[in-house]
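Per-entry structural report
Chain residues, written in single-letter form:
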Amino acid sequence: MKTSHSTFTNVKIALFCLSFFMAFLVNAQEKNEDILFENYQSYIQLPRETCYAHLNKSTFVSGESLGFTVYLFDKFTKRASVVTRNVYCTLETRSGKVLKKQLVLANDGIASGLFEIDDAFPSGNYVFKAYTNWMKNFEEPNFYTQYIQVNNPDDFDYEEEEDYYEIDAQFLPEGGHLILDTKNTMGVIVKDDFGFGMSNLTGIVTDSNGNEITNFTTNAFGIAKYEFTPESRRIYKVNFNDLEESSLTLETGESKGVTMSVSDLNDKIAIAFRTNYMTLPDIKDQTFKMAISNGNQLNVSDVKFGENSEVKLLISKLDLFTGINIITLFSEDNKPILERLFFKHDGINYVTTDSHSVKKLQDSLELSLTAKSINVAKLHNLSISILPSGTKSYNHHHNILSNTYLRPYVKGKIENAKYYFTNVDRKKKLELDQLLITQGWSSYNWTSIFNNPPIKEFDFEDGLIINANVNTTKGNKFLIYPQKNTPTITLDVPEGQRSFRVRGLLPTEGETFKIGVINKKDQVEKPNLYVQFTPSTIPEIKQRFSILKYKNENSYRYSSRLPILDESWGRIEQLGEVEVSAKRYENRVEKIKRLNKGRVEFFNDAQRKNTTDFASYIATKGYNVFQDPRDPRSLMITIPRRTTFQDNTEQLRPIIYLNNMVIDNEDHRFLMDLDMTTVDYIIVDKQGLGEGIRGSNGVIKIFTNNQLRTREYEVQLEPGQEVEVPLSFEPQKKFYAPKYEEYTSEFFKAFGVIDWFGNCTLAADGTLKLKIKDTKNDALKVFIEGTANDGSFISEVRTININNSN
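Residues numbered from 1 in each chain as written. Predicted model: local features only at pLDDT ≥ 70, side-chain atom pairs only at ≥ 80, totals over all residues. Heavy atoms only, no water.

**Focus: the confidence of the model for the protein chain**
Across the protein chain, the average pLDDT comes to 86, with 87% of residues at or above 70. Between residues 642-646, whose pLDDT stays under 50, and residues either more than four places distant or in other chains, the model counts twelve contacts. Confidence over residues 711-716 falls short of pLDDT 50; this stretch has 16 contacts with residues more than four positions distant or in other chains. (pLDDT = per-residue confidence, 0-100. Contact = heavy atoms within 4.5 Å.)

**A word on the pairing of strand 16 (residues 237-240)**
Residue alternation in strand 16 divides its side chains into a buried set, Val238 and Phe240, and an unburied set, Lys237 and Asn239. Relative to strand 16, strand 13 (residues 202-206) runs antiparallel, the two being bridged by four bridges. From the neighbouring strand, Val205 faces strand 16, where its bridge partner is Val238. By the bridge criterion, three bridges tie strand 16 to strand 17 (residues 247-249) in an arrangement that is antiparallel. Looking at the pairing, Asn239 lines up with Ser247 of strand 17. (Buried < 20%, exposed > 50% of the residue type's maximum accessible area, 1.4 Å probe, protein only. Helix = DSSP H or I, 4+ residues; strand = E, 2+ residues; numbered from the N terminus. Pairing = 2+ DSSP bridges.)

**Considering the sheet that holds strand 15 (residues 223-228)**
Strands sit in the order 11-12-15 across an open sheet of three strands; the sheet is antiparallel. Looking along the sheet, the strands with just one partner apiece sit at the ends: strand 11 (168-173) and strand 15. Pairwise comparison of adjacent strand axes, ignoring direction, gives a mean angle of 25° for this sheet. Here strand 12 (residues 184-191) runs beside strand 15; their pairing, made up of six bridges, is antiparallel. Its bridge partner lying in strand 15, Asn184 is registered against Phe228. The strands touched by helix 4 (residues 426-439) are strand 11, strand 12 and strand 15; relative to strand 15, the strand with the most contacts, the crossing angle is about 75°. (Axes fitted to C-alpha atoms, helices over the stretch in contact; angles between N-to-C directions.)

**Thoughts on the sheet that holds strand 35 (residues 529-534)**
Through backbone hydrogen bonds, the strands of a sheet pair up, either in parallel or in antiparallel fashion. Ordered by their spatial adjacency, three strands build an open sheet running 32-29-35, and the pairing between neighbours is antiparallel. The open sheet terminates on both sides in strands that have one partner only, identified here as strand 32 (499-505) and strand 35. Taking each pair of neighbouring strands and ignoring which way they run, the sheet shows an average axis angle of 20°. Sheet topology note: the strand 29 (residues 464-470)/strand 35 ladder contains six bridges and is antiparallel. Across the sheet, Asn467 pairs through a bridge with Gln532, a residue of strand 35.

**A closer look at the pairing of strand 13**
Buried residues dominate strand 13, accounting for four of its five residues. Direction of pairing for strand 13 relative to strand 14 (residues 212-217): antiparallel, over a ladder of five bridges. Bridge pairing links Gly203 to Phe216 in strand 14. Joining the antiparallel neighbours strand 13 and strand 14 is a turn of five residues, in which Gly210 adopts a positive phi near 85°.

**Things to note about the packing of aromatic side chains**
Applying the stated criterion across every chain yields a total of 40 aromatic pairs. Considering the side-chain rings of Phe343 and Phe421, the 5.3 Å spacing of their centres and the 90° angle between planes classify their relative orientation as edge-to-face. Of this pair, Phe343 sits in strand 24 (residues 336-344) while Phe421 sits in the loop between helix 3 (400-405) and helix 4, and the two are 78 residues apart along the sequence. In terms of burial, Phe343 and Phe421 fall into one category: buried. Centroid distance Phe614 to Tyr617: 6.2 Å. Interplanar angle 40°. Geometry classified as tilted. Here Tyr617 and Phe614 lie together in helix 8 (residues 614-619), a separation of three residues that amounts to about one turn. Across the pair, exposure class does not vary: Phe614 and Tyr617 are buried alike. By the ring-pair criterion, three or more aromatic residues cluster together here, those being Tyr52, Phe68, Tyr71, Phe115, Phe128 and Tyr144. The residue whose ring lies beneath Arg48 is Tyr43, and the NZ or CZ to ring-centre distance is 4.9 Å. (Phe/Tyr/Trp six-rings, centres within 6.5 Å; stacked < 30°, edge-to-face > 60°. Lys NZ or Arg CZ within 6 Å of the ring centre and 35° of its normal.)

Dropping the structure here:
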């Protein structure tokens with residue numbers, strides 16, 4: 001047996017332990033399998049990145065906000081992908097017309113944002129997409145897509161699609177081929193016109209004479225399986241007892257070939273390869289290769305039929321990959337013949353919340369969750385949607401587990417995929433296995449693996465890149481002014497070089513981007529640059545995708561006499577932002593004053609605008625300010641006492657801090673360059689309490705915040721060239737649930753929103769407290785998705801009774 005695996009992951013190579021009943025297996029290490037391994041290794045050489053987006057719900061009313069959190073993963077380790085900072089999110093029509101789009105900043109593999117569902121969305125179905133630039137390198141479905149449904153009260157003529165079903169029954173042989181005169185396992189999936197499974201249908205398989213061969217009953221998702229041995233020159237039909245005109249003729253099998261059957265035996269799986277009497281003479285001396293792969297590792301063993309028409313083998317689940325296992329049978333010349341997907345749940349790390357409680361406040365509730373299994377010292381994030389307990393608006397087909405472990409590996413649509421990863425038991429494992437029989441071949445195309453390995457055309461993106469051409473500019477030292485997410489950047493351009501490039505810029509929409517050039521006198525001037533940004537637009541992702549929408553029971557028929565949202569909601573949302581910001585600022589000022597000694601002065605916009613420099617400011621506070629006439633940039637600050645610049649003033653100088661860093665006491669010239677438009681607050685403590693003997697001359701503490709600088713100040717006070725940024729990161733916005741006319745109405749109970757929290761981390765004691773509106777209903781439902789403990793997942797739904805929550 002021979003193995004191959006990617007160098008980008010640190011996973012142990014699995015070794016097969018095979019037992020045989022009627023088979024002869026030859027160690028593959030003795031055979032020349034270089035072509036298969038070399039091609040596979042080439043195909044997996046580039047690491048993959050996948051993503052999952054948790055949306056606060058799936059059905060919206062015009063006027064609400066769509067809150068989302070995107071989780072980026074290394075496809076193979078299932079841990080956070082931290083190399084990408086640029087996440088693209090779009091809302092599109094079903095035909096692909098982009099209605100809204102955003103560039104969202106990811107930190108530690110997590111990005112969150114909001115889309116407003118406004119008048120741009122008539123009632124209907126739309127597609128939410130989330131993807132990265134790197135994902136465009138691959139044909140596999142590593143990006144995220146999901147339908148959302150919008151109900152617009154203004155569309156009084158909007159009609160729902162009728163629930164008229166035309167049966168779509170598919171009969172899919174396990175492995176991909178139906179072979180005559182040998183045992184076959186058939187997967188069955190019966191769907192309606194909308195792609196949803198038709199449950200509890202009983203099908204009877206009959207032969208040409210009308211004799212019943214076998215029967216089956218579909219499960220909740222319209223899936224079943226049965227075994228039979230089709231005979232030559234016979235026609236087989238399936239009749240559904242519960243449907244009119246339901247007789248279907250099955251396709252005729254192939255006269256020659258091989259079949260596959262996989263059975264789950266708890267701690268191991270049994271794989272059987274079968275052939276018929278017509279095929280055996282042609283293949284008995286051939287050596288087939290059975291490969292088990294997961295998109296990153298490949299294990300191969302030889303299989304020979306010899307004189308037997310059936311080969312059986314047992315594989316311990318310990319030797320399978322956690323998650324998807326792609327079982328493929330190859331001919332001697334490396335052509336894939338059969339393929340079957342098998343899923344192993346063992347090894348997936350789950351975490352859950354332990355308890356919850358609700359505390360009633362004046363007009364709100366404090367919801368407390370405890371998760372002792374989450375290590376708060378490690379990277380973790382929870383996204384939480386809170387909806388009425390009877391909600392019909394949260395109908396995502398996938399959760400974080402099904403989307404990460406299953407979706408990237410299959411080509412077909414999966415109805416309610418999260419079902420197979422919620423409260424997993426033996427029954428659900430077998431149901432998932434039935435589903436995988438109907439999925440056929442995996443999303444990894446062997447033709448591409450052998451002939452078209454992916455090429456790195458698109459990079460991982462860590463912010464924006466600027467390419468600047470230097471025109472008629474004197475000086476080769478450039479300054480990029482700081483922004484909210486980007487510090488000050490200085491760079492020296494070598495003599496004779498007329499261009500430079502800077503990576504990792506993170507401008508937020510609405511921010512000014514400015515570049516200055518530093519002359520020989522260390523003064524900043526306006527340069528003459530031609531600047532281009534990459535990326536400059538939100539790229540499209542053109543890979544095909546297949547997703548299910550939602551059933552018609554999720555729509556709502558409105559009455560114009562019964563408004564849904566309070567008409568004042570728009571004004572309330574804007575006022576809420578102002579009130580919340582003002583209260584937060586007030587609390588911060590009070591806290592800082594309480595924790596510090598001396599006089600604390602917070603700067604307002606007028607002070608920042610009118611205070612020219614720090615020297616003139618501190619002189620108004622009773623300090624002596626001196627400058628050496630021979631050096632205009634010199635500065636010395638002392639406590640009040642007659643002195644000159646030449647006197648020994650070392651014992652008269654106060655301690656000065658800038659953002660908690662001590663300024664050199666020998667010379668305060670550094671403060672001559674202090675940008676007063678960034679000053680947040682200054683503490684003047686003339687007693688110097690807490691600083692010991694060295695504080696006898698007092699302490700001055702300066703705190704700055706680059707976010708306080710406004711565009712007006714930059715234009716006025718910062719020399720440099722302003723550059724228009726064609727594409728910026730979306731600023732973080734607080735989610736506000738709309739104000740509804742009634743909170744006891746049937747509409748609110750089915751489609752209303754209570755709150756959404758996209759970025760939650762636990763306190764040191766493992767608890768999380770959330771403040772939400774008290775809608776005066778008896779219960780609410782909490783939907784939690786997230787990651788923790790460097791590779792663990794949380795996905796759970798809790799119904800919380802307000803009056804009895806513990």
